[in-house]
Amino acid sequence: MEIAIVGTRRGSVHAQWIAQCPEFSVTAVACSQDTRTAAEVVRTHHPHAEVTTDALSLIRHGRIDAVAITTPTHSRHELVSEALHRGLLVVCEAPLAADRQSALELAELAHARDARTVVSFQLRENPALRHTRQALAEGAVGQLLAIDIDLHDDTYARSAGPGDQRELRNAGDGALTELGAHAFDLVPWLTGTGLWEVSSAWTHRVHDTEVGHDAVPGAADGFAQAELRTLVCPTRARVMVSRTGGTQPQLFVTAHGSLGAIRVRVNTADGSGLFTLSTGARDAQQLFGAHSMNPYRRLADDLDTGARPMPGFDDGLAALALVDAVMRVDTTERW
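Residues numbered from 1 in each chain as written. Predicted model: local features only at pLDDT ≥ 70, side-chain atom pairs only at ≥ 80, totals over all residues. Heavy atoms only, no water.

A.B. asks: Let's hear about the packing of helix H4 (residues 76-86) against helix H5 (residues 100-112): which residues, and what values?
C.D. replies: Packed helix pairs are characterised by how far apart their axes lie and by the angle those axes make with each other. Taken N-terminus to C-terminus, the directions of H4 and H5 make an angle of 5°; their axes are 10 Å apart at the nearest point. What the angle tells us is that H4 and H5 run roughly parallel. Where H4 abuts H5, its residues His77, Val80, Ser81, Leu84 and His85 lie against Ser102, Glu105, Leu106, Leu109 and Ala110. Class assignment of the residues belonging to the contact of H4 with H5 gives a composition of 5 nonpolar, 4 polar and 1 charged. (Axes fitted to C-alpha atoms, helices over the stretch in contact; angles between N-to-C directions. Helix = DSSP H or I, 4+ residues; strand = E, 2+ residues; numbered from the N terminus. Parallel < 35°, antiparallel > 145°, perpendicular 65-115°, else oblique. Contact = heavy atoms within 4.5 Å. Nonpolar A, V, L, I, M, F, W, Y, C, P; charged D, E, K, R; others polar.)

Structure (structure tokens):
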């Protein structure tokens with residue numbers, strides 16, 4: 001399958017993933033201005049691909065079957081829409097869009113075009129988390145009563161300059177939107193229960209002096225926490241995300257059940273993890289080594305079998321709906 005990559009910041013990660021899948025061939029890497037990075041991505045992973053600064057032309061006229069959209073969220077809507085109209089398989093970096101309304105428009109367009117879509121929620125590929133999901137489905141801790149998810153990562157904040165950080169936050173790619181989309185996606189995926197709603201929430205902006213007082217509350221770096229509930233079952237959920245200086249890229253999941261608890265720690269930088277099952281006086285642990293969390297491997301299998309278990313635009317919309325709910329429910333005083 002011929003695929004193009006649009007964007008270089010996260011596009012380099014997608015290029016590495018695709019290079020591990022012979023079912024895909026990258027024909028081009030598109031960027032807005034950073035041709036040096038795009039050329040390096042091509043040289044390192046896909047030497048036969050071309051570099052272009054005209055992403056729309058590539059989508060409209062390129063000889064491709066699929067496109068991976070990895071640009072900043074505020075710039076994705078037009079690119080994704082064009083790819084859907086073109087009939088391409090669309091892989092979109094998470095979050096799907098900058099806000100719920102934009103995500104809703106893309107999801108509805110995908111349905112209208114009967115398009116094949118994927119949102120790269122790569123945490124679903126993590127072995128420790130997949131093991132956790134199976135254990136919960138099999139009733140390892142009895143009836144699930146509560147699940148806590150804490151996701152912390154300041155990878156971009158540590159690697160980008162002040163100007164880039166400011167641009168990222170003002171584009172809506174702050175902790176709540178960027179990390180929250182991944183964390184909120186894990187709630188229904190791990191529990192097997194949908195229809196979650198936000199019952200309470202708060203956010204805190206750490207870099208307020210850089211962002212400015214008129215910044216979108218959920219868009220800035222810092223902390224966000226939400227309490228979730230569902231009418232389907234008595235299970236409650238808590239999600240917290242943070243992206244501040246010195247934060248190591250880690251994910252913690254704790255699932256409390258009527259018979260015990262599961263605790264999982266995942267290094268989201270290398271995919272390694274530790275799974276602990278506690279029932280009574282006994283703890284059973286399982287260590288998982290580094291893993292690329294490559295969603296394209298599963299996508300290649302799905303294309304071969306015709307199955308569609310990959311997270312799509314509806315999943316991306318559901319995650320952003322919860323992000324939007326946090327912004328609406330949060331009553332934290334702004335300063």
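Picking up after the structure, the text goes on.
A.B. asks: Pulling in residues and values, what's your account of unusual backbone geometry?
C.D. replies: Going from Ala94 to Pro95, the amide bond is cis rather than trans, its omega being 5°. You can see Pro95 is positioned in the loop between strand E5 (89-93) and H5. Positive phi, close to 55°, is recorded for Met293, a residue that is not glycine. Positionally, Met293 belongs in the loop between strand E14 (282-288) and helix H11 (295-305).

A.B. asks: Tell me what's going on with H4, and back it up with residues and numbers.
C.D. replies: Buried within H4 are the following residues: Arg76, Leu79, Val80, Ser81, Ala83 and Leu84. Phi turns positive one or two residues past the end of H4, at Gly87, with a value near 80°. (Buried < 20%, exposed > 50% of the residue type's maximum accessible area, 1.4 Å probe, protein only.)

A.B. asks: Please set out the pattern of salt bridges residue by residue, giving values where relevant.
C.D. replies: Tallying each qualifying case throughout the model produces 11 salt bridges. Its salt-bridge partner being Asp150, residue Arg238 comes within 2.7 Å of it at the nearest N-O pair. Separated by 88 residues along the polypeptide, Arg238 in strand E10 (residues 236-242) and Asp150 in strand E7 (residues 144-152) bring together distant segments of the chain. On the accessibility criterion, Asp150 (14% relative accessible area) is buried. (Salt bridge = Lys/Arg side-chain N within 4 Å of Asp/Glu carboxyl O.)

A.B. asks: How would you summarise the sheet that holds strand E13 (residues 273-279) if you had to cite specific residues and measurements?
C.D. replies: The 8 strands are arranged E8-E9-E10-E7-E11-E12-E13-E14 in an open sheet whose pairing can be described as mixed. Only two strands of the sheet have a single neighbouring strand rather than two, namely strand E8 (196-205) and E14. Within the sheet, the average angular offset between the axes of one strand and its neighbour, ignoring direction, is 10°. Bridge count between E13 and E14: 7 bridges; the pairing is antiparallel. Paired with Leu277 across the strands is Ala284, a residue of E14. (Pairing = 2+ DSSP bridges.)

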